[in-house]
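Here is how the chains run, residue by residue.
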Amino acid sequence: MTPAYLRCISSGCGKVFPLASSRFACENCGSLLDVAYEFAPVEPAALRKLWRERLGSEDPRDQSGVWRFRELLPFLAPTAVPVTLGEGGTPLVEAPRTGRWAGGVRIWAKHLGANPTGSFKDLGMTACISAAVANGARVVACASTGNTSSSMAAYAARAGLAAVMFVPFQAIAAAKLAQAVEFGARVIEVRGSFDDAFRLLRAVAARSALHLVNSTNPFRLEGQKTAVAEILEQRGWRAPDFLALPGGNLGNVSAMGKGLRELVALGVMDRAPRLAVVQAEGAAPFYKHWKTGEPIQPVEHPETEASAIRIGRPANWPKARRELEWTGGMVESVTDGEIEEAKAALASDGIGCEPASAASVAGVRKLCRAGRIPAGADVCVILTGHQLKDPDYILRRRERFEAARVVIDADEEAARRALEALLPA
Ligand code: F0G
């Protein structure tokens, strides 16, 4: 089996810990940890062929778009049965109208909202809950803006674990809360922000023997990193020029970067795309840090209608920075108005997503306008959550909603008049 361990990301420390552990920070210096492997050399063509052949297999691991790539996840013993709901295997579709709207680029949307609970979190949760079970965890917990908690609740139910979530009171989408409750999670609603909820959870977790499944748990990122393998496979292993995604706690960009690094090191792909991470203007501490080069300053009262990324203290920023530096990446910030326009552009291509996801596309347009993404570039955007995660966002746009609909009696003449009104010649 490939040797695997936990390693501190700080270059001045680099301390190594055994894998069978629920440690999420370096005991020596407090930095974040990576799951690290000593991969043996592989024959890239054979590995790509093996992954593709598994698409026709009945093994539940092969029907998961995460575990199909299990050579990239050798933290789990080959005999262990992962906790899976058939995650991954999500569509990559071109969005031509959106590409023209953004400034004449080719945009490919990788829709991670098409996962079992409707967000990319499922890719990480199958890995993290499988590791938690292997570590003997009984109760899992997270702080969340809504998607992590729905995903945790589903995978915990699947594994027979109890789940507790800390969420900001009245600040997450109702559909997300409903999902978690249906899966049996216990909900603690904090009068405060996501950052307050995360701080409280961390303060009480050690005493309560809770197993944390936030993205500071490095096993989460292991699952999420497989999205890049799937994207590359769907593109015949031709890397796009750019890979753009929204940033909140900055776990996902860290996961994508790690996945790319490993695939390049294994020789499975020859070059990585440049990563572009996009934050909402009212919750953009990492954007400011990147732009000014000054130490990261938390945003005490993060504000954006894209509630999934309303985060003022992104825990994974050092990992995100490492991955952006490695790929020659960039960071952008966008207003809520720009997010709304991007969401409408995607809708014109028949693609729905939750507001936070559309930030990636809004960022691509801004980077095109600034000349930092050239016209004609091949851009892959990660859509992180399903359109129906936040229907209230659509319903709040009352005028547009009302203009699109008419209520009539069950009468033919009324139907004719309604058609004339809605579809004028
Ligand atoms: N998009 C959506 C839909 C999200 O739910 C999140 C994060 C992000 C983007 C940002 O990803 O944190 O890895 O940078 N949601 C977390 C949650 C925080 O609790 O559901 P990130």
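Look up: the structure comes first, before these words.
Residues numbered from 1 in each chain as written. Predicted model: local features only at pLDDT ≥ 70, side-chain atom pairs only at ≥ 80, totals over all residues. Heavy atoms only, no water.

Undergrad: With reference to specific residues and values, describe the side chain of Thr98.
TA: Of note, Thr98 is situated in helix α2 (residues 96-102). Residue class for Thr98 comes out buried when judged on its relative accessible area of 0%. Of the polar contacts made by the side chain of Thr98, one reaches the side chain of Asp349; its length is 2.7 Å. If we ignore the near neighbours within four places in the chain, the residues touching Thr98 are Ile107, Ala345, Leu346, Asp349 and Val361. (Helix = DSSP H or I, 4+ residues; strand = E, 2+ residues; numbered from the N terminus. Buried < 20%, exposed > 50% of the residue type's maximum accessible area, 1.4 Å probe, protein only. Polar contact = N/O pair within 3.5 Å; in protein donor to acceptor, adjacent residues only side chain to side chain. Contact = heavy atoms within 4.5 Å.)

Undergrad: A description of the pairing of strand β6 (residues 139-143) should follow, citing residues and the corresponding values.
TA: Counting buried positions over the five residues of β6 gives four, a clear majority of the element. As paired elements, β6 and strand β7 (residues 162-168) share five bridges and run parallel to each other. Its bridge partner being in β7, Cys142 is matched across the sheet by Met165. Of the pairings in the sheet, the one linking β6 to strand β9 (residues 211-212) comprises two bridges and is parallel in character. Residue pairing for β9: Val140 is matched across the bridge by His211. (Pairing = 2+ DSSP bridges.)

Undergrad: Let's hear about the packing of aromatic side chains: which residues, and what values?
TA: Taken as a whole, this structure holds seven aromatic pairs when the rule is applied. Measuring from centroid to centroid gives 6.1 Å for Trp51 and Trp237, while their planes differ by 35°, and the two rings are tilted. Linking Trp51 in helix α1 (residues 44-53) with Trp237 in the loop between α7 (218-234) and β10 (242-246), this pair joins segments that are 186 residues apart in sequence. Pair check on accessibility: Trp51 and Trp237 agree, each one buried. Where Phe194 meets Phe198, the ring centres are 5.7 Å apart and the plane angle is 35°; that geometry is what we call tilted. Of this pair, Phe194 and Phe198 both sit in helix α6 (residues 194-205), four residues apart, which is roughly one turn of the helix. Exposure class is identical for Phe194 and Phe198. Each is buried. Joined through ring pairs, the aromatic side chains of Trp51, Phe69 and Trp237 make up one cluster. Sitting over the ring of Phe169, Arg191 keeps its end group 5.6 Å from the ring centre. If you follow Arg397 out to its NZ or CZ, it ends over the ring of Tyr393, 3.7 Å from the centre. (Phe/Tyr/Trp six-rings, centres within 6.5 Å; stacked < 30°, edge-to-face > 60°. Lys NZ or Arg CZ within 6 Å of the ring centre and 35° of its normal.)

Undergrad: Give a description of the side chain of Asn147 that names residues and reports values.
TA: Take Asn147: it is sitting in helix α4 (residues 147-159). Of the residues examined, Asn147 reaches a relative accessible area of 5% and is grouped as buried. The contact partners of Asn147, leaving out residues within four places of it in the chain, are Ser119, Lys121, Lys176, Ala308, Glu354 and Lys389.

Undergrad: So what about the site of the ligand? Which residues, and what values?
TA: Around the ligand, 20 residues are found, and the nearest of them are Ser144, Gly248, Asn249, Leu250 and Thr384. Between an oxygen atom of the ligand and a main-chain N or O atom of Thr148, the distance comes to 2.8 Å. Taking Asn249, its main chain carries an N or O atom lying 2.7 Å from an oxygen atom of the ligand. Within the complex, the protein chains bury 98% of what would otherwise be the 480 Å² of accessible surface of the ligand. Mapping the ligand onto the cavity grids shows that it belongs to the largest cavity. (Near = heavy atom within 4 Å. Areas by Shrake-Rupley, 256 points an atom, 1.4 Å probe, with all protein chains shown as cover. 1 Å grid on protein atoms, 1.4 Å probe; cavity = no way out; pocket = protein on both sides within 12 Å on 5 of 7 lines; lining within 4 Å. Sits in = over half its atoms within 2 Å of the grid points.)

Undergrad: Let's hear about the sheet that holds strand β8 (residues 186-190): which residues, and what values?
TA: Taken together, the four strands give an open sheet; going across it, the order is β8-β7-β6-β9, and neighbouring strands pair in parallel fashion. Whereas interior strands pair on both sides, the edge strands pair on one side only; in this sheet they are β8 and β9. Sheet topology note: the β7/β8 ladder contains five bridges and is parallel. Counterpart to Phe166 in the pairing with β8 is Ile188. In the packing of α4 onto the sheet, contacts are made with β6 and β7, and the angle to β7 comes to roughly 175°. (Axes fitted to C-alpha atoms, helices over the stretch in contact; angles between N-to-C directions.)

Undergrad: Now, about the pattern of salt bridges: what can you tell me, with residues and values included?
TA: Enumeration according to the criterion identifies 35 salt bridges in this entry. Between Asp59 and Arg61 there is a salt bridge, with its nearest N and O atoms 3.0 Å apart. Classification of Asp59 as partly exposed rests on a relative accessible area of 25%. Across the pair Arg365 and Glu341 runs a salt bridge whose closest N-O atoms are separated by 2.8 Å. (Salt bridge = Lys/Arg side-chain N within 4 Å of Asp/Glu carboxyl O.)

Undergrad: Go over the sheet that holds strand β11 (residues 274-280) with me, naming the residues and quoting the values.
TA: Strand order in the open sheet made by the six strands is β4-β5-β13-β10-β11-β12, with mixed pairing throughout. In this open sheet, the two edge strands, each paired with only one partner strand, are β4 (92-94) and β12 (330-334). With strand direction ignored, the average angle separating the axes of adjacent strands in the sheet is 25°. Note that β11 and β12 share five bridges and pair parallel. Note on β12: the bridge partner recorded for Val277 is Val331.

Undergrad: So, the nonpolar core: which residues are in play, and what are the values?
TA: Counting residues in hydrophobic clusters, the biggest one holds 73 residues, and the most contacted among them are Phe75, Val140 and Met256. Ranked by the residues each element gives to this core, the list is headed by helix α3 (residues 121-134), at seven residues. Phe75 has contacts with Met1, Ala4, Leu19, Val35, Tyr37, Trp67, Ala127, Ala131, Phe219 and Glu222, leaving out every residue within four places of it along the chain. By size, the runner-up hydrophobic cluster in this structure holds 34 residues, among which are Ala306, Ala358, Cys368 and Tyr393. (Core = buried A, V, L, I, M, F, W, Y, C linked by side-chain atoms within 4.5 Å.)

Undergrad: If you had to explain unusual backbone geometry to someone new, which residues and values would you point to?
TA: Note: most residues except glycine have negative phi, and most peptide bonds are trans. Positive phi, close to 55°, is recorded for Gln170, a residue that is not glycine. In this fold, Gln170 is placed in the loop between β7 and α5 (174-182). Gln170 sits in the exposed class, given a relative accessible area of 68%. In this model, Trp237 sits at a positive phi of 65°, which is unusual for a non-glycine residue. What makes Trp237 buried here is its relative accessible area of 15%.

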